[in-house]
Amino acid sequence: MKRFILLLSLIALFAIIVGCAAPATQAPQPPAPPQVITQVVPVNQTVVVPVNQTVVVPGAPVVVTATPQPTQAPITTPKPGGTLTVGMLADFQGFDPNNLSWFNWTARSNLYDSILRYRHNLTPLPGLAESWELSTDGLQVTLHLRHGVKFHNGREMVADDIVQNVKRAQDPKTCVHMCTDAQKVSAMEAPDQYTVVLHYAKINTAWADWLEDFFIVAPEAFDHVKDAPIGTGPFMFKDYVPNDHATFVKNPNYWGKNGPYLDQIVLKPFGGDDKAEVTALETGGADLLQDTPFSEEELLKTKGFQIFSGEPGGLVDCLYINPLKFTDKRVRQAIALSLDRKAAIAAMYFGDGEVYWGPYPKESWAYDKALENAVPYDLNKAKSLLAAAGQPNLTFTFQALNTAQVNLASVLQASLKTIGVTMNVQLMDSTQWSDMFVQTKFDVITSLISGSNKDPAKFYGDNFYFKPFPTSKIQAKDKFWPTHPTTGEAYSDLVDQGGSVLDQAKRIAIYNKVQELLVDSSWTSCWTKVSSPFSAASYVKGFDWRMDDGLLFEGVWLAK
Amino acid sequence: METLVIKYIIRRTIQSIPLMLTATILVFLMIHVLPGDPAIDIAGTRASEETIKALRAEMGLDQPLPVQYIIWMEHLLRGNLGKSYISDLSVGYLLVLKFKATLQLVGFAFVLATLISFPLGILAALKPHSLLDRVALVFSSLGIAVPPYWSGILLVLVFSVGLALLPSSGFAPPDEDLGKSLRFSILPVLTMGIELSAIQIRFIRSAFLDVIHQDYITTARAKGLRERRIMMVHVLKNALMSVVTVMGLQLGTFLGGSAITEALFGWPGLGRLLLDSIVQRDYNVVQGTVLFYLIIFIVVNLIVDVSYARLDPRISYS
């Protein structure tokens, strides 16, 4: 009896400790009491004040109380100094800006500068080039470089550095993901220290998109770009410990006018553990998260953290239905018609997405309104297509890269089951998945594509599975030549044409045909547009991002 | 005696060579037969086929497997473990860097476990069926039954999220900032220390109980020796043989099996390095780390075996 009581007491004590711990999901907190901020307000300037904040204007008996504006107060003066700790889901893979892997984007956009810049629209702004001209025939781009830009080692950047970087991006050994765009440059010269002329053999409508995405490394550091990178960016590389952290420090000689304000940035990878990442943000171990799980957005908002959605249309998620396995397009169409897009968005993105049917967001000039609802959720039609194709009881596998994709697969699996189709789900690690993807040995997968908010010509050049087939010797033995259902034009020809004419109206017509072909052929079926959510503590200000959602810390400062 | 010990060490080292050789073959084969191409993972799915081919050639992966193994062994015999495909850093450098972090974690956990398990285990053995004995056994049972990832998360919930007293993850080298380093260490050391001590309590209690009831202990009491002397000189020394064996095995196991705790607390140790390298198919790092673990295990076991002679004069290495 005594022993029993003792055991019960210990269990009760344990339960008390657990009960006192903060629950994983909390009820919404009451709104924070209004913060009083004392600021100097310039004359004749409108003050926009965030909710629950009160601004007291010194020297005047005026108290301005908040109106419910969601935007940040634009009048605040950045406070220099401090260290920003950024949580990343996974570790860097070197610091080569030619590597477009998502985990390198923060390094690219902060250690380096690009030739041109975009800021939330496709109007090119000066970057390392102050001005530029495109020849009337579209075959020559002349760049006029900014004077006095220094690499982190103190040397001034000159035209020959750009030439060397383009050559590096053309070399298959060092181009990584830049090959396609860089190799379009047929010749180049540097007539003086600050002028570079790029020649193209064919019109390249995506020349500005490429230059916006082309970051410059000091040529003397080419051999050390993976472990000791030297760029011209607002931050300089200090140190890197694999699976622990990377540190970037302020570049005191930066040419930009808006910062940098921070003393340093510490980037910490969390080994794929998004829960640990969020916990670090909640407990002060991180100030900002590059990759915020969709499942945690609402909870973080209720706890007073800032949630930003990245660039509209920056990311599109598309099913890839392997045409080398499903050779009959009716089968591919049936699979595409079986996806309940709304349910899929709820399962994979927790409702933070928009239903889509094509690769371009509504913000893009290439978006075709006529194709809205071109791929409805229609199981009856899917069933009849399968029957017509002679495969009413199809069996195949969905290869998933992570648990979020497994959730999506479950939605598709449930729908297909109702029409007699068996879909198995196989979860793989990233290396195995990438290998399978490149070798085109999958049945059905889904993959996020970036760049759909930029020029379609670049989009088709960048994205492996949107390139015309066959693209390599691996696929040569299994040819897949999709054609337009009405005009019979080949996909590869249409894509080439779209990137080779300058007339916008003609390009729109061409890309409309491309989208019709994509829907008809259904080897890809885009189903949602998402924006990368970023989260930050309330004191992180001046935060911005590129069109590809790469974080920009140039203007970031800490209001604490 | 010292000469005998040295000869024993040399003999054991030579005997471990075939084991190491077999391990190199097994590790090499196991990691290379895993599906997935590291060149594609590094280059990314957008890379051109030419880039992937060039990268594969640079990594030596275009050679047949036996050739790759021979090249790796040649470098290994010259003390070169190669470079990480991902970070381009030398494997040797990574092992030393990560081992320091793991040693800090496991070392502190071991000290904590010893401070908990020895008093509790000994007292439990001296007062069997008492309240203290029951507490020790319950603590031990819970510590063994509760997985470290569960207890670790619980500690984070209570001390980091709930009470905001300690960081939930992170690491700082002690030579850079000792205070910060200790703060980051508390939760992972507690997590690992609880698990270690739970196992040790049982062994210590059991070993002590075994020795306490031996005839020579009864004789010692009958001779009128003080209880304290009996415990510290006769019981402890005889009980330590089995306890040292278990602790040695534990040290080796935990040095190699710290991956879960390291992953949970963002601790950049060997376990995490190995996990990440396996997922990324960073062959050189995987091979180097497994070999390193093997060496640690062999060394720890050798130290345990050598210590037997100190504990038991009847043992000879001739």
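Please refer to the structure higher up on the page.
Residues numbered from 1 in each chain as written. Chains lettered and ligands numbered in written order. Predicted model: local features only at pLDDT ≥ 70, side-chain atom pairs only at ≥ 80, totals over all residues. Heavy atoms only, no water.

Q: Run through the overall build of chain A, naming residues and quoting values.
A: Each helix and strand counted, chain A has 16 helices and 26 strands in total. The buried share of chain A, taken over its 560 residues, is 55%. Sequence-distant contacts, at least 24 apart, represent 67% of the contacts inside chain A between residues at least 6 apart. Here chain A displays about 22900 Å² of accessible surface, and carbon together with sulfur accounts for 56% of that area. (Helix = DSSP H or I, 4+ residues; strand = E, 2+ residues; numbered from the N terminus. Buried < 20%, exposed > 50% of the residue type's maximum accessible area, 1.4 Å probe, protein only. Contact = heavy atoms within 4.5 Å. Areas by Shrake-Rupley, 256 points an atom, 1.4 Å probe, with all protein chains shown as cover.)

Q: Explain the packing of aromatic side chains to me, using residue names and the numbers behind them.
A: Residues and elements named next belong to chain A. Taken as a whole and assessed by the stated rule, the structure comprises 30 aromatic pairs over all chains. Taking the centre distance of 4.8 Å and the plane angle of 75° together, the rings of Phe-294 and Tyr-349 count as edge-to-face. A residue pair is termed long-range when its members are at least 10 positions apart, and Phe-294 in the loop between strand S14 (288–289) and helix H7 (297–302) and Tyr-349 in helix H9 (residues 341–349) qualify at 55 residues. Like Phe-294, the residue Tyr-349 is buried in the burial classification. A centroid spacing of 5.7 Å and a plane angle of 55° characterise the contact between Phe-543 and Trp-545, whose relative ring orientation is tilted. Of the residues examined, Trp-545 reaches a relative accessible area of 13% and is grouped as buried. Within the aromatic cluster, the residues linked to one another by ring pairs are Phe-92, Phe-95, Phe-237, Tyr-240 and Phe-248. Its guanidinium or amino end placed over the ring of Phe-222, Arg-168 lies 5.2 Å from that ring's centre, counting from NZ or CZ. If you follow Lys-325 out to its NZ or CZ, it ends over the ring of Phe-326, 5.8 Å from the centre. (Phe/Tyr/Trp six-rings, centres within 6.5 Å; stacked < 30°, edge-to-face > 60°. Lys NZ or Arg CZ within 6 Å of the ring centre and 35° of its normal.)

Q: Tell me about unusual backbone geometry, and please be specific about residues and values.
A: Residue and element names in this part refer to chain A. Between Gly-259 and the following residue, Pro-260, the backbone shows a cis peptide bond with an omega angle of 5°. When you line up the elements, Pro-260 lands in the loop between strand S12 (245–250) and strand S13 (264–269). Non-glycine residue Phe-350 carries a positive phi angle of around 55°. Among the structural elements, Phe-350 can be located in the loop between H9 and strand S17 (354–355). Phi angles above zero are rare outside glycine, and Asn-373 is one such case at about 65°. Among the structural elements, Asn-373 can be located in the loop between S17 and helix H10 (379–388).

Q: So what's going on with the state of the cysteines? Which residues, and what values?
A: All names here are of chain A. Counted according to the given criterion, the structure contains 2 disulfides over all chains. The disulfide partner of Cys-175 is Cys-179, and the gap between their sulfur atoms is 1.8 Å. One disulfide, between Cys-175 and Cys-179, carries an S-S torsion of 60° and so falls in the right-handed class. A single burial state applies to Cys-175 and to Cys-179, both of which are buried. Note on cysteine connectivity: Cys-318 is disulfide-linked to Cys-526, with sulfurs 2.1 Å apart. (Disulfide = S-S within 2.5 Å.)

Q: Mind laying out a nonpolar patch on the surface, listing which residues take part and the relevant values?
A: Residue and element names in this part refer to chain B. A cluster of nonpolar side chains, Ile-6, Ile-10, Ile-14 and Ile-17, forms an exposed patch at the surface whose accessible area comes to about 390 Å². Its place among the elements puts Ile-14 in helix H1 (residues 2–33). A residue is classified by how much of its surface remains accessible, and Ile-14, at 53% relative accessible area, is exposed. (Patch = residues over 30% accessible without salt bridge, like charges linked within 9 Å, V, L, I, M, F, W, Y side chains within 5 Å. Salt bridge = Lys/Arg side-chain N within 4 Å of Asp/Glu carboxyl O.)

Q: Describe in detail the packing of helix H15 (residues 491–498) of chain A against helix H16 (residues 504–521) of chain A, supporting the description with residues and values.
A: Residue and element names in this part refer to chain A. Running from N to C, H15 and H16 point in directions that differ by 150°, and their axes come no closer than 9 Å. Our classification of the angle between H15 and H16 gives roughly antiparallel. Seen along the crossing, H15 lies across H16 with a hand that is left-handed. The segment H15 lies against H16, with Tyr-491, Leu-494, Val-495, Gln-497 and Gly-498 engaging Arg-507, Ile-510, Tyr-511, Lys-513, Val-514, Leu-517 and Leu-518. A class-by-class count of the residues in the contact of H15 with H16 yields 8 nonpolar, 2 polar and 2 charged. (Axes fitted to C-alpha atoms, helices over the stretch in contact; angles between N-to-C directions. Parallel < 35°, antiparallel > 145°, perpendicular 65-115°, else oblique. Left-handed = near helix turned anticlockwise from the far one by under 90°. Nonpolar A, V, L, I, M, F, W, Y, C, P; charged D, E, K, R; others polar.)

Q: Could you give an account of the sheet that holds S14 of chain A, with specific residues and numbers?
A: Two pairing modes exist for strands in a sheet, parallel and antiparallel, and in both the strands are linked by backbone hydrogen bonds. Read across the sheet, 7 strands follow the order S11-S12-S13-S4-S14-S22-S15 (chain A) without closing on themselves; strand pairing throughout is mixed. Of all the strands in the sheet, just strand S11 (235–241) and strand S15 (306–309) of chain A have a single pairing partner and so form its edges. (Pairing = 2+ DSSP bridges.)

Q: I'd like to hear about the pattern of salt bridges, residue by residue, with values.
A: Taken as a whole and judged by the stated rule, the model has 30 salt bridges over all chains. Of the charged contacts in the structure, one is a salt bridge between Lys-325 of chain A and Asp-443 of chain A, with a shortest N-O distance of 3.7 Å. Of this pair, Lys-325 of chain A sits in the loop between strand S16 (315–321) and helix H8 (329–337) while Asp-443 of chain A sits in the loop between helix H12 (430–438) and strand S20 (444–450); the two residues are 118 residues apart in sequence, bridging distant segments of the chain. For Lys-325 of chain A, a relative accessible area of 41% corresponds to the partly exposed category. On the basis of relative accessible area, Asp-443 of chain A is assigned to the buried category, the value being 10%. We note a salt bridge from Asp-429 of chain A to Arg-281 of chain B, for which the minimum N-O separation is 2.9 Å. Taken as a pair, Asp-429 of chain A in the loop between strand S19 (422–427) and H12 and Arg-281 of chain B in the loop between helix H12 (270–280) and helix H13 (283–311) lie in two separate chains rather than in one.

Q: If you had to explain the sheet that holds strand S8 (residues 140–145) of chain A to someone new, which residues and values would you point to?
A: Residues and elements named next belong to chain A. Here we have 4 strands laid out as an open sheet, ordered S7-S8-S10-S9, and antiparallel in their pairing. One side of each edge strand has no neighbouring strand; the edge strands of this open sheet are strand S7 (129–134) and strand S9 (185–192). On average, adjacent strands in this sheet sit at an angle of 20° to one another, irrespective of strand direction. As judged from the 5 bridges shared by S9 and strand S10 (residues 195–200), these two strands associate in the antiparallel manner. Opposite Asp-192, over in S10, you have Thr-195 as the bridge partner.

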